[in-house]
Amino acid sequence: MTAPVRVLVVDDDPLVRAGLVMILDTTPDIALAGEAADGTEVAAAVDAHRPDVVLMDIRMPRLDGLTATELLRARPAPPEVIVLTTFQADEYVLRALRAGASGFLLKDTPAAEILRAILRVAAGEPILSPAVTRRLIAHVGATDTRDRGRHARAALSRLSEREREVAAAVGRGSSNAQIAGDLFMSVATVKAHVSSILTKLALNNRTQIALLAHDAGQK
């Protein structure tokens, strides 16, 4: 049997934390690793509890969740981060993803979807709520397209042809298994290409590959 995914819950509202803890207790595949009430507590909580995934609130009194995410993801071998919030403003989405968050869910997301998101992110698949995805795509398509496109194409030019094909597939939202089938390679080879892309381009996760591929106009 595989060990359950360990989750750290970070939220300044004790009622929200209690609700998330109740949700996590509904499946044996996920275990509560610990809780924190502010972004200033995240580093110590991660060191103490070694979570696989952090559920991170955005608005907290002393250190906000986006700054906490940026600091956490800059550390060696950090846990994955899912930003969980009542807000869906574009600047929050983009900053969270650029900081290295692997998911962005609204707090009214059904419990079952939160649990699926945790498992998917722990397995290396980024997750966004459909509402946030639509807003993100609209925002990305509307601002600074030319500059972002030049930067993205220059970055992708540093990849091999096969890596660019994998990056484009990640940008379309394909899973490793789907990419393997479409490009006639093993899942292990796809994972190796994804790891190489992350290293060459100094990216944190698949979501950032997807944003780069979208900016470059990859189809």
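Residues numbered from 1 in each chain as written. Predicted model: local features only at pLDDT ≥ 70, side-chain atom pairs only at ≥ 80, totals over all residues. Heavy atoms only, no water.

Draft legend 1. Spotlight on the overall build of the chain. From N to C terminus, the chain includes eleven helices and six strands. Scored against the burial criterion, the 219 residues of the chain give a buried share of 47%. Of all intrachain contacts in the chain linking residues separated by at least 6 positions in sequence, the fraction that spans at least 24 positions is 66%. For the chain, the accessible area works out to roughly 10800 Å², and carbon and sulfur atoms hold 55% of it. (Helix = DSSP H or I, 4+ residues; strand = E, 2+ residues; numbered from the N terminus. Buried < 20%, exposed > 50% of the residue type's maximum accessible area, 1.4 Å probe, protein only. Contact = heavy atoms within 4.5 Å. Areas by Shrake-Rupley, 256 points an atom, 1.4 Å probe, with all protein chains shown as cover.)

Draft legend 2. Spatial organisation of the packing of helix H8 (residues 161-171) against helix H11 (residues 206-216). Between H8 and H11, the shortest axis-to-axis distance is 8 Å and the interhelical angle comes to 95 degrees. Our classification of the angle between H8 and H11 gives roughly perpendicular. Here H8 contributes Ala167, Ala168, Val170 and Gly171 to the contact with H11, which in turn contributes Arg206, Ile209, Ala210 and Ala213. Its residues assigned to classes, the contact of H8 with H11 comprises six nonpolar, one polar and one charged. (Axes fitted to C-alpha atoms, helices over the stretch in contact; angles between N-to-C directions. Parallel < 35°, antiparallel > 145°, perpendicular 65-115°, else oblique. Nonpolar A, V, L, I, M, F, W, Y, C, P; charged D, E, K, R; others polar.)

Draft legend 3. Just helix H2 (residues 42-49), in detail. Where H2 is concerned, the buried positions are Val42, Ala45 and Val46. In a view along the axis of H2, the buried residues occupy a sector of 100 degrees, so they form one face of it. Seen from the open side of H2, the exposed residues pointing more than 90 degrees away from its buried face are Ala44 and Ala48. Contact partners of the buried residues in H2: strand S1 (5-10), strand S2 (30-36), strand S3 (53-56) and helix H3 (65-73). Phi for Arg50, located one or two positions after H2, is positive at around 50 degrees. (Arc of directions from axis to C-beta.)

Draft legend 4. Quick peek at the pairing of strand S5 (residues 103-106). On S5, burial covers both faces: Gly103 and Leu105 on one face and Phe104 and Leu106 on the other are all buried. Where strand S4 (residues 80-85) lies against S5, four bridges are found, and the strand directions are parallel. Each bridged residue has a counterpart across the sheet, and for Thr85 the counterpart in S5 is Leu106. (Pairing = 2+ DSSP bridges.)

Draft legend 5. Just the environment of Leu203, in detail. In this structure, Leu203 sits in the loop between helix H10 (187-201) and H11. Taking the C-alpha atoms as reference, Leu203 lies 8.9 Å from Arg98; in sequence the two are 105 residues apart. Leave out the neighbours within four places in its chain, and Leu203 touches Leu198, Gln208, Ile209 and Leu212.

Draft legend 6. Expanded view of the pattern of salt bridges. One pass over the structure, following the stated rule, counts nine salt bridges. The closest approach of N and O atoms between Glu35 and Arg17, which form a salt bridge, is 3.2 Å. With Glu35 in strand S2 and Arg17 in helix H1 (residues 14-24), this residue pair connects regions lying 18 residues apart in the sequence. Look at Glu35 and you get partly exposed, because its relative accessible area is 40%. On the basis of relative accessible area, Arg17 is assigned to the buried category, the value being 15%. The partner of Glu41 in a salt bridge is Arg62, with the nearest N and O atoms 3.5 Å apart. With Glu41 in the loop between S2 and H2 and Arg62 in the loop between S3 and H3, the pair connects residues that are 21 residues apart, well separated along the chain. What makes Arg62 exposed here is its relative accessible area of 59%. One connected set of salt bridges, linked through shared partners, spans Asp11, Asp57 and Lys107. (Salt bridge = Lys/Arg side-chain N within 4 Å of Asp/Glu carboxyl O.)

Draft legend 7. Fine view of the pairing of S4. Extensive coverage of S4 is indicated by the burial of five of its six residues. In terms of strand pairing, S3 meets S4 through four bridges, oriented parallel. By the bridge assignment, Val53 is partnered in S4 with Glu80. Once the chain exits S3 it traverses H3 before rejoining the sheet at S4, and the crossover so formed is right-handed. (Right-handed = clockwise from strand over helix to strand, strands pointing away.)

Draft legend 8. The confidence of the model for the chain, seen in detail. With 87% of its residues at a pLDDT of 70 or more, the chain has an overall mean of 84. Across the chain, element-level confidence peaks in S1 with a mean pLDDT of 96 and bottoms out in helix H6 (residues 130-142) with 56. (pLDDT = per-residue confidence, 0-100.)

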